Amino acid sequence: MDYQLYFKQQPDAQGFFGKFGGAFIPPELEKSFREIDEAYHDICQSHRFIAELRDIRKHYQGRPTPVYHAERLTRHAGGAHIYLKREDLNHTGAHKLNHCMGEALLAKYMGKKKLIAETGAGQHGVALATAAAYFGLECEIHMGEVDIEKEHPNVIRMKLLGATVVPVSFGLKTLKEAVDSAFQSYMADYETAIYCIGSVVGPHPFPLLVRDFQSVVGIEAREQFLEMTGHLPDTVCACVGGGSNAMGIFSGFINDPVQLIGVEPSGRSLKYGDHAATMSYGREGVIHGFKCYLLQDEKGEPAPVYSIASGLDYPGVGPEHCMLRDESRASYVTASDQEALAAFYTLSRKEGIIPALESAHAVAYAMKLAKEMKRGSILINLSGRGDKDIDFIAEQYGFGTP
Ligand SMILES: *Cc1c(COP(=O)(O)O)cnc(C)c1O
């Protein structure tokens, strides 16, 4: 594959990354997805739009986020130098605002009045509700009743930000049902509303659009790392749920001789239902309107999944990652609940940075790899901060050993 022309060629006009992606949607939605695609192509070329997004990132979100040389973590791991791209310092505490502000700006351009989305742990819901408040748009977030119970502080945040939270009470009452519910609501309202997906997943053009909005992470990180060290990192590493923070940082290095590694959750065991390591154990399938590697049962239904980090428990994965894996441009590994937890405590104690449990998966793998590599450098995308996880961790696992 020609990585110099990568962003011109991937995805193709139908939204395929190799054989993955596409748009498997009901015929009545085809027109509205085409409109989103066309509007997105327009604004990509618009200086006004680009300038407005740049302004938002700088003055509202707090970008650029720093790249930080984690010296104590490096000494602790004992090997390659470890650096962190501090996406945890974004407004709202994670990388998700990068694409939510973009999606909301697109909605404004299209004259839409309302943003509709689903949320699992509530992180996407909070980021989107923030974007809606900023642009003065209505916001409707669908959330399974089980998650509403579990993620109470995020439900409060969304409501404070002015969003309507729609409880979803069918099936397992979690993320997959929330997506189904949000989609139904969008189908009834696509003239005035826009659907805002939470990762590089879903039907075309969302994997493209979310990747482009997240690519600011990789573009910044490459420049910052070069300026700090005079060379590129040997390895770039990120956790993968749907894959947006990983695609964001990968895209800055796609045409460089840099190893790209995505870390998926192997959960509490490798038994069916106990993990969400889609790349390692999934087969090709279709979920939520796109083709990808998918954890599924014999009938092709998405499998139940689990991770200690609720932002990583999705049975599918972004189509671009599936292609990058098949092309051997990126590799995908796993970290377990226990490993992520240990990394969570270590980064907190050694660096004074409490990471999101999702991001702790990338830290866990990077520490292991640093030791094996002995020299060189690893850049981790620290996708979010851990404030949302502290009550759960302190209650379930205590405060760690000094
Ligand atoms: C949602 C979330 C993730 C997982 O989503 P991706 O699309 O895979 O990036 C990772 N880290 C944090 C902090 C999140 O909130």
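A quick note: this is a predicted structure, and the numbers were derived from the prediction, not measured.

Rules used in this analysis
Residues numbered from 1 in each chain as written. Predicted model: local features only at pLDDT ≥ 70, side-chain atom pairs only at ≥ 80, totals over all residues. Heavy atoms only, no water. Helix = DSSP H or I, 4+ residues; strand = E, 2+ residues; numbered from the N terminus. Rg over C-alpha atoms; globule rule 2.2 N^0.38 Å. Buried < 20%, exposed > 50% of the residue type's maximum accessible area, 1.4 Å probe, protein only. Contact = heavy atoms within 4.5 Å. Lys, Arg positive; Asp, Glu negative; His and termini not counted. Charge placed at Lys NZ, Arg CZ, Asp CG, Glu CD. Phe/Tyr/Trp six-rings, centres within 6.5 Å; stacked < 30°, edge-to-face > 60°. Lys NZ or Arg CZ within 6 Å of the ring centre and 35° of its normal. Pairing = 2+ DSSP bridges. Axes fitted to C-alpha atoms, helices over the stretch in contact; angles between N-to-C directions. Near = heavy atom within 4 Å. Polar contact = N/O pair within 3.5 Å; in protein donor to acceptor, adjacent residues only side chain to side chain. Areas by Shrake-Rupley, 256 points an atom, 1.4 Å probe, with all protein chains shown as cover. Domains from an automatic or database assignment.

Student: Please explain the overall build of the chain as it appears in this structure.
Tutor: In terms of helices and strands, the chain carries 16 helices and 14 strands. Computed over its C-alpha atoms, the radius of gyration of the chain comes to 20 Å, within 12% of the 21 Å expected for a compact globule of 402 residues. With the C-alpha coordinates aligned to their principal axes, the bounding extent of the chain is approximately 55 × 45 × 45 Å. Considering the chain as a whole, with its 402 residues, one finds that 60% of them fall into the buried category. Taking the intrachain contacts of the chain between residues at least 6 apart in sequence as the baseline, contacts between residues at least 24 apart amount to 73%. Taken as two groups, the 40 positive and 50 negative side-chain charges of the chain have centres that lie 5 Å from each other.

Student: Would you mind going over the packing of aromatic side chains with me for this structure?
Tutor: What describes a pair of aromatic rings is the distance from one ring centre to the other and the angle between the planes of the rings. In total, this model carries 17 aromatic pairs according to the counting rule given. Relative to F24, the ring of F16 lies with its centre 6.5 Å away and its plane at 90 degrees, an arrangement referred to as edge-to-face. The class of F16 is partly exposed, set by a relative accessible area of 25%. A relative accessible area of 41% means that F24 is categorised as partly exposed. Both rings, one in F344 and one in Y345, keep their centres 5.9 Å apart while their planes meet at 80 degrees; by these two values the pair is edge-to-face. Its end group placed over the ring of Y3, R329 keeps NZ or CZ at 5.9 Å from the ring centre.

Student: Whenever I open this one, the sheet that holds strand 7 (residues 164-168) confuses me. Can you help?
Tutor: Backbone hydrogen bonds are what pair the strands of a sheet, in a parallel or an antiparallel way. If you trace the four strands from one edge of the open sheet to the other, you get 7-6-5-8, paired in parallel fashion. Sheet topology places strand 7 and strand 8 (193-195) at the edges, where each strand pairs with a single neighbour. With strand direction ignored, the average angle separating the axes of adjacent strands in the sheet is 25 degrees. As defined by bridge partners, strand 5 (residues 114-119) adjoins strand 6 (residues 138-144) across six bridges and the pair is classed as parallel. Bridging across to strand 6, A117 finds its partner in I141.

Student: Just checking my understanding: could you explain the site of the ligand for this structure?
Tutor: Around the ligand, a shell composed of 17 residues is seen, among which K96, S199, G243, S244 and S383 lie nearest. At 2.7 Å from an oxygen atom of the ligand is found a side-chain nitrogen or oxygen belonging to S244. One nitrogen or oxygen atom from the side chain of S383 is found 2.7 Å from a nitrogen atom belonging to the ligand. Notes on the ligand: free accessible area 380 Å², of which the protein chains cover 97%. Looking at the shell around the ligand, you find at least three residues from each of domain 1 (16-58 + 96-207) and domain 2 (62-94 + 215-397).

Student: Where do I start with the environment of P302 in this structure?
Tutor: Within the element layout of this structure, P302 appears in the loop between strand 12 (290-294) and helix 13 (319-326). With 17 residues separating them along the chain, P302 and G285 place their C-alpha atoms 8.7 Å apart. When residues no more than four places from it in sequence are discounted, the contact partners of P302 are K176, I287, L295, Q296 and P315.

Student: So what exactly am I meant to see when it comes to the side chain of S32 here?
Tutor: By the element assignment, S32 lies in helix 2 (residues 27-44). Residue classification places S32 among the buried positions, given a relative accessible area of 4%. A polar side-chain atom of S32 sits 3.0 Å from the main-chain carbonyl oxygen of L29. In terms of polar contacts, S32 uses its side chain to reach the side chain of Y186, at 3.3 Å. Excluding residues within four positions of it along the chain, S32 makes contact with Y186 and Y190.

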